[in-house]
Amino acid sequence: MEAQIVVLAGDGIGPEVTREARRVLEVVAVRHDCKLVFEEHLIGGASIDVHGTPLRDEVVARARASRAVLLGAVGGTRWDELPVDRRPEKGLLRIRKELGLYANLRPAAVFPALAQASSLRAEIIDGIDMLVVRELTGGLYFGEPRGIEVRNGCREARNTLVYDEHEIARIARVAFIAARGRRRHLTHVHKANVLETSQLWMQVVEEVARDYPDVTLAHQLVDSCAMLLVRDPRRFDVIVTENLFGDILSDEAAMITGSLGMLPSASLGDGGIGLYEPVHGSAPDIAGQDVANPLAAILSAAMLLEHSLDAIAAAAEIREAVTAVLAAGHRTQDLLLPGEQRPTVGCRAMGDLVLAQLGA
Ligand code: NAD
């Protein structure tokens, strides 16, 4: 199998962590009979500096022609003064939109070696393994009308929460399919006691559920879900929810597992192209120092193999290698507990350790 992969390393630590993810991908893919052809392009501030825009049409076209996009991160203080529509983040929003990526998948699993890093007690987080499927292109963040205006001398702000049944059904399908590949339990998170949009979500998710009788479905109010995530997180397998609830809950679910440097994500649509990126940003405070943790990017590469190339075994191999490297005690500086004294490794060295664990 041959697949074109577009690498958009971006700004700050983006190039450092994606370089390690690409090295790991190259080694693992060959072993699983995937021939990956990489091409690198600029996005974000790096593209603004060279081309005056955070994302060129040519790059969008190359991404459209690819199987998957591996992205680092965008942004940095250097570009903070630019008008909002020319900032690095616009490049990221545009590529997601152009590729029609409406489903954001954020796994939250605990690596046993890092269990101490959670703010929750070890017995509560032991064995957490959940996936938050967030709707990414609809809801309150995109609804019209929106804006701030002055009426009768009083400032008034407005946003619109709107979903149609097709938008709900397609994300529900992504979540049911994901649940099928896991423990077959799906929780739909809503606020149907006060929101009509949530009532429609309930109806449509129930309708879609008829096609997935092997998956058990539960509905959970968003406020109680937020409480359950810290009280009894192990009860969750796959969570599906709308954009705003998903934005908040996916961060909550992720942080109970430990460090920002460990969290991968995938964004999927109907076009067959996936975009894979670490959850963290460009971390300008540590950029260029070879101290960034590349594991979130490496785990994003594992998601790429799983979701875009159906290479489940290859993805599992990467996750096992990361687990083993952590279990052997290796840490980048962000993974140290407050006051913990132990030698740390840099970004490149952590990549080397994962590669060595993979036998490369
Ligand atoms: P950030 O995630 O970049 O950094 C937050 C803190 O976590 C920093 O102290 C940083 O050093 C640390 N950190 C993050 N990733 C790390 C890693 N892999 N290894 C070790 N430490 C790591 O968030 P921020 O500081 O709020 O934002 C910095 C810039 O990144 C801003 O311009 C923001 O707009 C941008 N950003 C981009 C994305 C994206 O590209 N998807 C996401 C979030 C923020």
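Everything here concerns the structure above.
Keep in mind that what you see is a predicted model, and the values were worked out from it rather than measured.

Draft legend 1. Representation of the packing of helix H1 (residues 14–31) against helix H11 (residues 312–327). In the contact formed by H1 and H11, the axes pass within 10 Å of each other and the chain directions differ by 135°. Regarding the angle of H1 to H11, the classification is oblique. With respect to the hand of their crossing, H1 and H11 are arranged in right-handed fashion. Together, Val24, Val28 and Arg31 of H1 and Ala314, Glu317 and Ile318 of H11 make up the contact between the two elements. Taken together, the residues of the contact of H1 with H11 break down into four nonpolar, no polar and two charged.

Draft legend 2. Representation of the packing of aromatic side chains in the model. What the rule picks out here adds up to two aromatic pairs. Their ring planes at 90° and their centres at 5.2 Å tell us that Tyr163 and Trp201 sit as a pair that is edge-to-face. Highlighted residues: Tyr163 in the loop between strand S7 (154–160) and helix H6 (165–180) and Trp201 in helix H7 (residues 196–209), separated in sequence by 38 residues. Of the two residues, Tyr163 and Trp201, both sit in the buried class. Ring geometry for Phe176 and Tyr212: centres 4.9 Å apart, planes at 5°, overall stacked. With Phe176 in helix H6 and Tyr212 in the loop between H7 and strand S9 (216–221), the pair connects residues that are 36 residues apart, well separated along the chain. With a relative accessible area of 7%, Tyr212 lands in the buried category. When the ring centre of Tyr102 is taken as origin, the NZ or CZ atom of Arg170, which lies over that ring, is 4.0 Å away.

Draft legend 3. Structural context of the pairing of S9. Pairing of strand S8 (residues 185–190) with S9 involves six bridges; the strand directions are parallel. Considered in S9, the bridge of Thr187 is made with Ala218. As a crossover connection, the stretch from S8 through H7 into S9 is right-handed.

Draft legend 4. Inspection of the site of the ligand at higher detail. Taken together, 20 residues lie near the ligand, and Val74, Gly281, Ala283, Asp285 and Asn293 sit nearest. Backbone polar atom of Ala283 to an oxygen atom of the ligand: 2.8 Å apart, as the coordinates give it. At 2.9 Å from an oxygen atom of the ligand is found a side-chain nitrogen or oxygen belonging to Asp285. Among the residues making up the shell around the ligand, the classes are represented as nine nonpolar, seven polar and four charged.

Draft legend 5. Up close: the side chain of Thr241. The topology assignment puts Thr241 in strand S10 (residues 238–241). Those residues in contact with Thr241 that lie beyond four places of it in its chain are Val133, Arg134, Glu135, Val189, Trp201 and Gly246.

Draft legend 6. The arrangement of the layout of surface pockets in detail. Empty space within the largest pocket amounts to approximately 940 Å³. Around the largest pocket, the lining comprises 33 residues; the ones closest to its centre are Glu89, Leu92, Leu93, Arg96 and Arg134. Counting residues per element, the lining of the largest pocket draws most heavily on helix H4 (residues 88–98), which supplies seven residues. When residues are assigned to domains, the lining of the largest pocket turns out to be shared by domain 1 (1–99 + 273–360) and domain 2 (103–259), each giving three or more.

Draft legend 7. Examining the packing of helix H3 (residues 57–64) against H4 more closely. At a closest axis distance of 10 Å, the pairing of H3 and H4 adopts a crossing angle of 40°. Classified by the angle their axes make, H3 and H4 are oblique. The handedness of the crossing between H3 and H4 comes out as right-handed. Residues Asp57, Val60, Ala63 and Arg64 of H3 pack against Arg94, Ile95 and Glu98 of H4.

Draft legend 8. Structural detail: helix H12 (residues 347–357). Within H12, burial applies to Cys347, Met350, Gly351, Val354 and Leu355. Each buried residue of H12 lies within a common arc of 140° when the element is viewed along its axis, so the set occupies one face. Gly359 occupies a position one or two residues after H12 and carries a positive phi of about 80°.

Thresholds, definitions, all that
Residues numbered from 1 in each chain as written. Predicted model: local features only at pLDDT ≥ 70, side-chain atom pairs only at ≥ 80, totals over all residues. Heavy atoms only, no water. Axes fitted to C-alpha atoms, helices over the stretch in contact; angles between N-to-C directions. Helix = DSSP H or I, 4+ residues; strand = E, 2+ residues; numbered from the N terminus. Parallel < 35°, antiparallel > 145°, perpendicular 65-115°, else oblique. Left-handed = near helix turned anticlockwise from the far one by under 90°. Contact = heavy atoms within 4.5 Å. Nonpolar A, V, L, I, M, F, W, Y, C, P; charged D, E, K, R; others polar. Phe/Tyr/Trp six-rings, centres within 6.5 Å; stacked < 30°, edge-to-face > 60°. Buried < 20%, exposed > 50% of the residue type's maximum accessible area, 1.4 Å probe, protein only. Lys NZ or Arg CZ within 6 Å of the ring centre and 35° of its normal. Pairing = 2+ DSSP bridges. Right-handed = clockwise from strand over helix to strand, strands pointing away. Near = heavy atom within 4 Å. Polar contact = N/O pair within 3.5 Å; in protein donor to acceptor, adjacent residues only side chain to side chain. 1 Å grid on protein atoms, 1.4 Å probe; cavity = no way out; pocket = protein on both sides within 12 Å on 5 of 7 lines; lining within 4 Å. Points joined across faces, edges and corners; volume = space filled by probe spheres on them. Domains from an automatic or database assignment. Arc of directions from axis to C-beta.

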